[in-house]
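# Structural characterization, general
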Amino acid sequence: MTHHMNVRMNQRGMPSCIVELALENGYWRGDKCILDRKEIRNMVEELDRKRKLALKALDKGGVVVVEVEGQAITTYRMEKGRRP
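Every chain begins its residue count from 1, and numbering advances along the sequence as written. Given that this is a predicted model, residues contribute local features only at a pLDDT of at least 70 and side-chain atom pairs are listed and counted only at 80 or more, while totals for whole chains, interfaces and linings are drawn from all residues. Water and hydrogen atoms were dropped before computing side-chain values, which therefore reflect all heavy atoms in the structure.

### Some details on the overall build of the protein
Quick reminder of the rule: A run of DSSP states H or I qualifies as a helix once it reaches four residues; a run of E qualifies as a strand once it reaches two. Both are numbered from the N-terminal end. Both definitions apply: the radius of gyration is a C-alpha atom measure, and the globule rule equals 2.2 Å times residues to the power 0.38. Here's how the labels work: a residue is buried when its accessible area is under 20% of the maximum for its type, exposed when over 50%, partly exposed in between, all with a 1.4 Å probe on protein chains only. Contact criterion: two residues are considered in contact whenever any of their non-hydrogen atoms come within 4.5 Å of each other. The Shrake-Rupley method, run with a 1.4 Å probe, gives the accessible areas here. Residue values count only the displayed protein chains as cover. The charge count includes Lys and Arg as positive and Asp and Glu as negative, but it does not include His or the ends of the chains. Throughout, a charge is located at the NZ atom of Lys, the CZ atom of Arg, the CG atom of Asp or the CD atom of Glu.
Looking only at helices and strands, the protein features 3 helices and 4 strands. Each helix (α) and strand (β) of the protein, taken in turn from the N terminus, gives the series α-α-β-β-α-β-β. The C-alpha atoms of the protein give 21 Å as radius of gyration, which overshoots the globular expectation for 84 residues (12 Å, by more than 25%). In terms of overall dimensions, the protein has a C-alpha envelope of 55 × 30 × 25 Å along the principal axes. Burial analysis of the protein (84 residues in total) assigns 11% to the buried set. Taking as baseline every contact in the protein between residues at least 6 positions apart, the subset at least 24 positions apart corresponds to 0%. Carbon together with sulfur atoms contributes 53% to the accessible area of the protein, which is approximately 7,800 Å² in total. The positive charge centre, built from 17 side chains, and the negative charge centre, built from 12, are 6 Å apart in the protein.

Next up, the structure:
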């Protein structure tokens with residue numbers, strides 16, 4: 001990151017974590033990486049969907065999936081107090 005970039009980030013109240021978010025999730029147009037409102041809304045919707053699923057898995061106490069040679073064989077809830 002250049003000195004100029006650091007100065008501009010400080011002037012504009014743009015923390016480096018938001019810059020990283022844009023670089024990871026934005027789209028490129030020429031030499032600009034753009035993370036627009038539409039893409040941010042899509043990200044938030046996807047995060048909300050994943051959060052909802054994670055909370056359901058948490059309610060079950062965790063989930064175990066048994067897989068052999070790339071095939072899912074069975075699944076069950078985690079037993080309390082035991083780790084696989």
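### Observations regarding the pattern of salt bridges
Worth spelling out the cut-off: A pairing counts as a salt bridge when a side-chain nitrogen of Lys or Arg comes within 4 Å of a carboxyl oxygen of Asp or Glu.
Taken as a whole and judged by the stated rule, the model has 1 salt bridge. One salt bridge in this structure joins Arg49 and Glu46, with 2.7 Å as the shortest N-O distance. Here Glu46 and Arg49 lie together in helix α3 (residues 37-59), a separation of 3 residues that amounts to about one turn.

### Brief notes about a positive patch on the surface
Going by this rule: What goes into a patch is any residue over 30% in relative accessible area without a salt bridge, connected to like charges within 9 Å or, for nonpolar side chains (Val, Leu, Ile, Met, Phe, Trp, Tyr), within 5 Å.
Together, Lys52, Lys56, Lys60 and Arg77 give the surface a local cluster of positive charge. Examined against the element boundaries, Arg77 turns out to sit in strand β4 (residues 71-77). A relative accessible area of 52% means that Arg77 is categorised as exposed.

### Describing unusual backbone geometry
A positive phi is found at Glu69, a non-glycine position, where the angle reads about 50 degrees. When you line up the elements, Glu69 lands in the loop between β3 (63-68) and β4. With relative accessibility at 81%, the residue Glu69 sits in the exposed group.

### Re the pairing of β3
So the rule is basically this: A pair of strands is labelled paired if DSSP reports no fewer than 2 bridges between them.
Where β3 and β4 come together, 6 bridges link them in antiparallel fashion. Pairing of Val64 across the sheet is with Tyr76, part of β4.

### Some words on the pairing of β4
Summarising burial for β4: 0 of the 7 residues are buried, a small minority. Where β3 folds back on β4, the antiparallel hairpin that results is connected by 2 residues, among which Glu69 adopts a positive phi of roughly 50 degrees.

### Quick notes on the layout of surface pockets
Short version of the rule: A pocket, in this scheme, is an open set of points on a 1 Å grid over the protein atoms alone with protein on both sides within 12 Å along at least 5 of 7 lines, while a cavity is a set where a 1.4 Å probe fits but cannot get out; residues line either one if an atom lies within 4 Å of a point. Grid points are joined across faces, edges and corners, and a volume is the space filled by probe spheres set on the points. Side-chain classes follow a simple rule in which Ala, Val, Leu, Ile, Met, Phe, Trp, Tyr, Cys and Pro form the nonpolar group, Asp, Glu, Lys and Arg form the charged group, and the remainder, Gly included, forms the polar group.
Roughly 360 Å³ of internal volume is contained in the largest pocket. Contributing to the lining of the largest pocket are Met5, Arg8, Met9, Arg12, Met14, Ile18, Val19, Leu21, Ala22, Leu23, Cys33 and Leu35. Breaking the lining of the largest pocket down by element, the ones donating at least two residues are α1 (3-12) and α2 (16-25). The leading source of residues in the lining of the largest pocket is α2, at 5 residues. Considered class by class, the residues forming the lining of the largest pocket number 10 nonpolar, no polar and 2 charged.

### Description of the environment of Glu24
Structurally, Glu24 is set in helix α2. For Glu24, a relative accessible area of 63% gives the class exposed. When the C-alpha positions of Glu24 and Leu35 are compared, they lie 9.3 Å apart, and in sequence the two are 11 residues distant.

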